[in-house]
Amino acid sequence: AQKITQTQPGMFVQEKEAVTLDCTYDTSDQSYGLFWYKQPSSGEMIFLIYQGSYDEQNATEGRYSLNFQKARKSANLVISASQLGDSAMYFCAMRDVRTGANNLFFGTGTRLTVIP
Amino acid sequence: DTGVSQNPRHKITKRGQNVTFRCDPISEHNRLYWYRQTLGQGPEFLTYFQNEAQLEKSRLLSDRFSAERPKGSFSTLEIQRTEQGDSAMYLCASSFRENEQFFGPGTRLTVL
């Protein structure tokens, strides 16, 4: 079975500080992909970063990096130098291998609030 | 290219009415997905198109739901005889590769 767990319903961070959002996953497949999305109050899902299970290095995109620990089945998102515009919901997702569609299977999300 | 677009952005309807949403994917993206997101939850997969062929439908897609993607370009999602439980954000996503999915702004449906 596949499962995505985000245990932090809400997180607060001071502006300009770094923050880590947790994501653990469960899958029996050897080949899988993990995604992080940001959803501001407007509702649009904004793609942040992707990590493939066979990628040897942790993914990075600007201020976003993914702390991928395969043995622990965790894929935490690290946001450096937080900005007020980072306040949003953040979702961790995995490609659903139970279908042939490569659709995504999402966690319940973490609401990040950046404090000035 | 301006990304995935969806229309309308908001729709309020009365129970029992039919509604139709449109999604315009990023050009040249052959894969198109529909998701539904209810309050406090992550998006849930509804259906998938590769070009014009609808290849996957989840159990969430009841008989009242139908989706099309004529000519492999834009897609429509129709809900017939809407129910209050259909109130949600309907999100469309498109991709060309399996390591990406780009979402549109969504259509927020409210069924009174």
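Note: the structure precedes this text.
Residues numbered from 1 in each chain as written. Chains lettered and ligands numbered in written order. Predicted model: local features only at pLDDT ≥ 70, side-chain atom pairs only at ≥ 80, totals over all residues. Heavy atoms only, no water.

A. Examining the pattern of salt bridges more closely. Applying the stated criterion across every chain, the model contains seven salt bridges over all chains. We note a salt bridge from Glu98 of chain B to Arg95 of chain A, for which the minimum N-O separation is 3.9 Å. Residue Glu98 of chain B is found in the loop between strand S9 (88–95) and strand S10 (102–103), and its partner Arg95 of chain A is found in strand S10 (residues 88–95); the two belong to separate chains. Residue Glu98 of chain B is classed as partly exposed on the basis of its relative accessible area, which comes to 41%. Exposure remark for Arg95 of chain A: the relative accessible area of 5% places this residue in the buried category. In this structure, Glu83 of chain B and Arg64 of chain B form a salt bridge, with 3.4 Å as the shortest nitrogen-oxygen distance. (Salt bridge = Lys/Arg side-chain N within 4 Å of Asp/Glu carboxyl O. Helix = DSSP H or I, 4+ residues; strand = E, 2+ residues; numbered from the N terminus. Buried < 20%, exposed > 50% of the residue type's maximum accessible area, 1.4 Å probe, protein only.)

B. Molecular detail of the sheet that holds strand S7 (residues 65–68) of chain B. Residues and elements named next belong to chain B. Pairing is antiparallel in the open sheet, where four strands are placed in the order S1-S3-S8-S7. With partners counted over all chains shown, the strands left at the sheet margins are strand S1 (5–7) and S7, one partner each. In this sheet, adjacent strand axes meet at a mean angle of 15° when their direction is disregarded. Taken together, the three bridges between S1 and strand S3 (residues 19–24) define a ladder with antiparallel strand orientation. The partner of Ser5 across the bridge, within S3, is Asp24. (Pairing = 2+ DSSP bridges. Axes fitted to C-alpha atoms, helices over the stretch in contact; angles between N-to-C directions.)

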